[in-house]
Amino acid sequence: MEQKFNAVIIEIRAGVGGEEAALFANDLFRMYTRYAQNNGLKTQILDSQETDIKGLKQIIFEISGDDVYEKFKYEAGVHRVQRIPKTEKSGRVHTSTATVAVLPKPNKTQIDIKPQDITFESCKASGPGGQYVNKRMSAVRIVHIPSGLVVTSQSERSLQQNKENALSILAARLLEKKEKELEKELGGARRSQIGSAGREEKIRTYNFPQDRVTDHRINKSWHDIEGILDGKIEKIINTMKKTS
């Protein structure tokens, strides 16, 4: 992607592993937001679904700052964790996964969403276990008719703010769709040398018993897993940039 983007929309979803996967998704969210905070980047949650024990089924958030897409684009793919879950009584190491998608946020000249192409509905926001977060009709669901894409947002108490958040998510997904179609036309020639950064590609393992984080695309490992999950990922980001 030749253009520079100063905002990205990151989607993290719990994968295989039930509650442990949701807790790992929350760990990844904390890792990225701590890194953003330490580097003067702005973070805004657009949509989230929590579990009863503070895990995340999914979270969608925006990070903005100078050339931020270059910092985060290599995070896209399947992240795997190997550790003893807090809920595990027999001390066995479990393997769980979470998927990360990193979408550049387009400006209005790149993606034009016509009002007649979307349907919009509001509903009550819900929390973990299905309980209502508030009684107002503040959650938003938008369907983009030409593409069939569906997005939701319920992180804000304001209906208008949730609508704006949902439109931002939709624009980013439409740009991703447009880029993939263009890449297909070009026969994949624009793919990075270290992988396609696709949602389905296993890219990294976080091994707690060995205090090691390994990126499988470049076969390189780093130690201090707690520090990395606390946002100290500069060394990983810089290595990925140099390797690409």
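Residue positions are given per chain, counting from 1 as you read along its sequence in written order. Local features in a predicted model are, by the rule used here, given only for residues with pLDDT of at least 70; side-chain atom pairs are given and counted only at 80 or more, and totals for whole chains, interfaces and linings are based on all residues. Working from all heavy atoms in the structure, the side-chain values ignore hydrogens and water.

**Here's the deal with the confidence of the model for the chain**
Point 1. By definition, pLDDT measures how confident the predictor is in each residue, and it falls between 0 and 100. A residue-level look at the chain finds 86% of positions with pLDDT of 70 or above and a mean pLDDT of 85.
Point 2. Per-residue pLDDT stays below 50 along residues 129-135; that stretch engages in 13 contacts with residues further than four places along the chain or on separate chains.
Point 3. Every residue in residues 189-198 is under pLDDT 50, and counting partners more than four places away or in other chains gives 21 contacts. By definition, residues are in contact when any of their heavy atoms lie within 4.5 Å.

**A short note on the pattern of salt bridges**
Point 1. Just to be clear on terms, a salt bridge is a Lys or Arg side-chain nitrogen sitting within 4 Å of an Asp or Glu carboxyl oxygen. Throughout the structure, instances matching the rule amount to twelve salt bridges.
Point 2. Here Asp-27 ties to Arg-83 by a salt bridge, and the two come within 2.8 Å at their closest N and O atoms. Remark: Arg-83 occurs in strand β4 (residues 77-83) and Asp-27 occurs in helix α1 (residues 18-38); sequence separation between them is 56 residues. Considered together, Asp-27 and Arg-83 belong to a single accessibility category, that of buried residues.
Point 3. Across the pair Asp-230 and Arg-34 runs a salt bridge, and its minimum N-O distance is 2.0 Å. Here Asp-230, found in the loop between α4 (225-229) and α5 (234-243), pairs with Arg-34, found in helix α1; they are 196 residues apart in sequence, far enough to count as distant.
Point 4. On the basis of relative accessible area, Asp-230 is assigned to the partly exposed category, the value being 30%. Counting from the N terminus, the helices are DSSP H or I runs at least four residues long and the strands are E runs at least two residues long. When a residue's accessible area, from a 1.4 Å probe over protein chains only, is under 20% of the maximum for its type it is buried; when over 50% it is exposed; and in between it is partly exposed.

**Overview of the sheet that holds strand β8 (residues 149-153)**
As a general point, the strands of a sheet are linked pairwise by backbone hydrogen bonds and lie either parallel or antiparallel.
Point 1. In this analysis, strands are considered paired if DSSP registers two or more bridges between them. If you trace the three strands from one edge of the open sheet to the other, you get β6-β7-β8, paired in antiparallel fashion. Each having just a single partner strand, β6 (118-123) and β8 make up the two edges of the open sheet. Adjacent strand axes in the sheet meet at a mean angle of 15° when their direction is disregarded.
Point 2. With five bridges joining them, strand β7 (residues 139-144) and β8 adopt antiparallel strand pairing. Note that in β8 the partner of Val-140 across the bridge is Ser-153. Only the contacting stretch of a helix is used when fitting its axis, a line to C-alpha atoms as for every element, and angles between N-to-C directions run 0 to 180 degrees.

**Let's talk about the packing of aromatic side chains**
Point 1. Stacked, tilted and edge-to-face pairs are distinguished by plane angle, under 30 degrees for stacked and over 60 for edge-to-face with tilted covering the rest, among Phe, Tyr and Trp rings (Trp via its six-membered ring) whose centres lie within 6.5 Å. Applying the stated rule across the entire model yields five aromatic pairs.
Point 2. A ring pair is formed by Phe-5 and Tyr-69, whose centres lie 5.9 Å apart and whose planes are at 75°; its orientation type is edge-to-face. Of the two residues, Phe-5 is situated in the segment before β1 (7-14) and Tyr-69 in helix α2 (residues 68-72); the sequence distance between them amounts to 64 residues. By the burial criterion, Phe-5 is buried, and Tyr-69 matches it.
Point 3. With a centroid separation of 5.9 Å and 75° between ring planes, the pair formed by Tyr-32 and Phe-72 is classed as edge-to-face. Of this pair, Tyr-32 sits in helix α1 while Phe-72 sits in helix α2, placing them 40 residues apart in sequence. No difference in accessibility class separates Tyr-32 from Phe-72, as the two residues are buried.
Point 4. Taken together, the aromatic side chains of Tyr-32, Tyr-35 and Phe-72 make up a single cluster linked through ring pairs.
Point 5. Over the face of the ring belonging to Phe-120 we find Lys-163, whose NZ or CZ atom lies 4.6 Å from the ring centre. For a ring to carry a charge above it, either NZ of a lysine or CZ of an arginine must fall within 6 Å of the ring centroid while also lying within 35 degrees of the normal to the ring plane.

**Focus on the sheet that holds β1**
Point 1. With respect to topology, eight strands assemble into an open sheet ordered β2-β3-β1-β5-β4-β9-β10-β11, the strand pairing being mixed. Of all strands in the sheet, those bounded by a partner on one side alone are β2 (42-50) and β11 (220-223). When strand polarity is set aside, the average angle formed by the axes of neighbouring strands in this sheet is 20°.
Point 2. One ladder, built from seven bridges, connects β1 with strand β3 (residues 56-64); its direction is antiparallel. Looking across to β3, one finds that Glu-11 is bridged to Ile-60.
Point 3. Docked against the sheet, α1 engages β1, β2, β3, β4, β5 (94-104) and β9 (202-207), running at close to 10° with respect to β3.
Point 4. Strands β9, β10 (212-215) and β11 of the sheet are contacted by α5, whose axis makes an angle of about 165° with β11.

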